[in-house]
Amino acid sequence: MTFRTILAVTGPHMGDDDLKLAADLCDEIGAHLAVLAVAIAAPPPVGEYAAIVSEDWLKERQADEKLLKKRTSAVSAFLASRAFSPDVSSEYPEAGWADETIGRRARYSDITVIGPDLLAGETLKNKVIEGALFSSGKPLLIIPAGTRPTLRPKRVLVAWDARLESSRAVRESLDILRCADEVRLAMVDPVEGEHHHGQEPGADAAAYLARHGVKVTVDRLPSANHSVADVLRRHAFDSSAELMVMGAYGHSRLRERIFGGVTKSILEDQSLPVLMAR
């Protein structure tokens, strides 16, 4: 799809580096930038000591709201010099529904971008990832430190496992794939058969992409006792990929948190920008 609106999320104690990355991506493709400043509120006190701590809780909320207002004004001032006209909004949800709040805002953008500053945190990072993937229906672009992000990459690696999530990621990134010089459709230990990758693993997906004008090559990769995530990362490095496209959370979030999974592993150790969709 064509990205016309990019969403960036920032917090009260963050700098402007992530916003600059998002703004540069907007300049690259002529997109609009939407910025959401988020502070996560502490839950209200309960129990027998609630009356005692409620005054401190109220003061904490007031301080948080003041910081959020200050950050929102700083973001507006930082972006005022850009050639485009961004919009800046703020939200102050409690932790229990922060992901839904962020996801609801992301529904009105084409893609959410997470940069190194946000990735260095924990609570807000997790809420943005979950909100974008589970509550927006839109893709997510994760940009690790030390990488040069672009929405017009020359070489792209597609992590294909024939699941619905992979299909969604491919569809969301079609414009990117169509403009790339080289797209490698990578499968790790593909399984033949009607309910897996088909009689010739990767052939159907490659044909679909080729009909959209994508210059695609199919790579069937053995895991050789390595994790799927490690194989994909190594192949991305070997093929000089500038972007990885993949489906996210093919299993439930709970299962991936307990047992691990490709999504969890990629999120914990990123070596290049990753576009995820679910």
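Only a predicted model underlies this, so the values are computations on that prediction, with no experimental measurement involved. (Residues numbered from 1 in each chain as written. Predicted model: local features only at pLDDT ≥ 70, side-chain atom pairs only at ≥ 80, totals over all residues. Heavy atoms only, no water.)

Caption draft 1: Representation of the overall build of the chain within the structure. A count of helices and strands for the chain gives 11 helices and 10 strands. What you see for the chain is a C-alpha radius of gyration of 20 Å, in line with the 19 Å of a compact globule of 278 residues. With respect to the principal axes defined by its C-alpha atoms, the chain has extents near 65 × 50 × 30 Å. Residues classed as buried in the chain amount to 49% of the 278 residues present. Taking as baseline every contact in the chain between residues at least 6 positions apart, the subset at least 24 positions apart corresponds to 78%. Looking at the chain as shown, the accessible area adds up to about 13700 Å², and 51% of this sits on carbon and sulfur atoms. (Helix = DSSP H or I, 4+ residues; strand = E, 2+ residues; numbered from the N terminus. Rg over C-alpha atoms; globule rule 2.2 N^0.38 Å. Buried < 20%, exposed > 50% of the residue type's maximum accessible area, 1.4 Å probe, protein only. Contact = heavy atoms within 4.5 Å. Areas by Shrake-Rupley, 256 points an atom, 1.4 Å probe, with all protein chains shown as cover.)

Caption draft 2: Main features of the packing of helix α3 (residues 98–106) against helix α5 (residues 123–135). Running from N to C, α3 and α5 cross one another at 55°; their axes reach a closest spacing of 7 Å. Relative to α5, the element α3 is oriented oblique. Crossing of α3 over α5 shows right-handed handedness. Every residue of α5 that contacts α3 at A98, D99, E100, I102, G103 and R104 is listed here: L124, K127, V128, E130, G131 and S135. Taken together, the residues of the contact of α3 with α5 break down into 4 nonpolar, 3 polar and 5 charged. (Axes fitted to C-alpha atoms, helices over the stretch in contact; angles between N-to-C directions. Parallel < 35°, antiparallel > 145°, perpendicular 65-115°, else oblique. Left-handed = near helix turned anticlockwise from the far one by under 90°. Nonpolar A, V, L, I, M, F, W, Y, C, P; charged D, E, K, R; others polar.)

Caption draft 3: Layout of the environment of D16. Position of D16 relative to the elements: it lies in the loop between β1 (5–10) and α1 (17–29). Residues D16 and A162, spaced 146 residues apart in sequence, show a C-alpha to C-alpha distance of 38 Å. Each residue touching D16, except ones within four places of it in the same chain, is listed here: R71 and F78.

Caption draft 4: View of the side chain of T10. Within the element layout of this structure, T10 appears in strand β1. Overall, the relative accessible area of 1% leaves T10 in the buried class. There is a polar contact of 3.0 Å between the side chain of T10 and the side chain of R71. In this structure, T10 is in contact with G15, L19, V35, L36, A37, V38, R71, V75 and L124, ignoring residues within four places of it in sequence. (Polar contact = N/O pair within 3.5 Å; in protein donor to acceptor, adjacent residues only side chain to side chain.)

Caption draft 5: Looking closely at the packing of aromatic side chains. All chains considered together, the criterion is met by 1 aromatic pair. Between F134 and Y249, the ring centres sit 5.3 Å apart and the planes meet at 50°, which makes this aromatic pair tilted. Here F134, found in helix α5, pairs with Y249, found in the loop between β9 (243–247) and α10 (253–259); they are 115 residues apart in sequence, far enough to count as distant. (Phe/Tyr/Trp six-rings, centres within 6.5 Å; stacked < 30°, edge-to-face > 60°.)

Caption draft 6: Structural context of helix α8 (residues 203–211). Restricting attention to buried positions, one finds in α8 the residues A205, A206 and L209. Viewed end-on, α8 has its buried residues packed into an arc of 100°, placing them on one side of the element. Those residues of α8 that are exposed and aimed more than 90 degrees away from the buried face are D204 and R211. The inward-facing, buried residues of α8 abut α6 (164–172), α7 (174–179), β7 (182–188) and β8 (216–221). (Arc of directions from axis to C-beta.)

Caption draft 7: Structural context of the sheet that holds β1. Strand order in this open sheet of 10 strands is β3-β2-β1-β4-β5-β10-β9-β6-β7-β8, and the pairing throughout is mixed. In this open sheet, the two strands that pair with only one neighbour each are β3 (87–91) and β8. Across the sheet, the mean angle separating the axes of adjacent strands is 25° when strand polarity is ignored. Here 3 bridges tie β1 to strand β4 (residues 111–114), and the two strands are oriented parallel to one another. Its bridge partner being in β4, I6 is matched across the sheet by I111. Along the sheet, α5 contacts β1, β2 (32–38), β4, β5 (140–142) and β10 (274–277); its crossing angle with β4, the most-contacted strand, is approximately 160°. Relative to the sheet, α8 contacts β7 and β8, its axis offset from that of β8 by approximately 160°. (Pairing = 2+ DSSP bridges.)

Caption draft 8: View of the nonpolar core. The biggest cluster of nonpolar side chains holds 39 residues, and the ones touching the most others in it are I6, L33, L141, V156 and L177. With 6 residues, the top contributor of residues to this core is α1. Sequence-distant contacts of L177, that is, excluding residues within four places in its chain, are made with V156, V158, V170, V183, L209, V214 and V245. By size, the runner-up hydrophobic cluster in this structure holds 37 residues, among which are A34, L124, V188 and V274. (Core = buried A, V, L, I, M, F, W, Y, C linked by side-chain atoms within 4.5 Å.)

Caption draft 9: Up close: the side chain of T72. If you trace the backbone, T72 turns up in helix α2 (residues 50–79). Its relative accessible area of 15% is what places T72 among the buried residues. In contact with T72, not counting residues within four places along its chain, are A37, V88 and S90.

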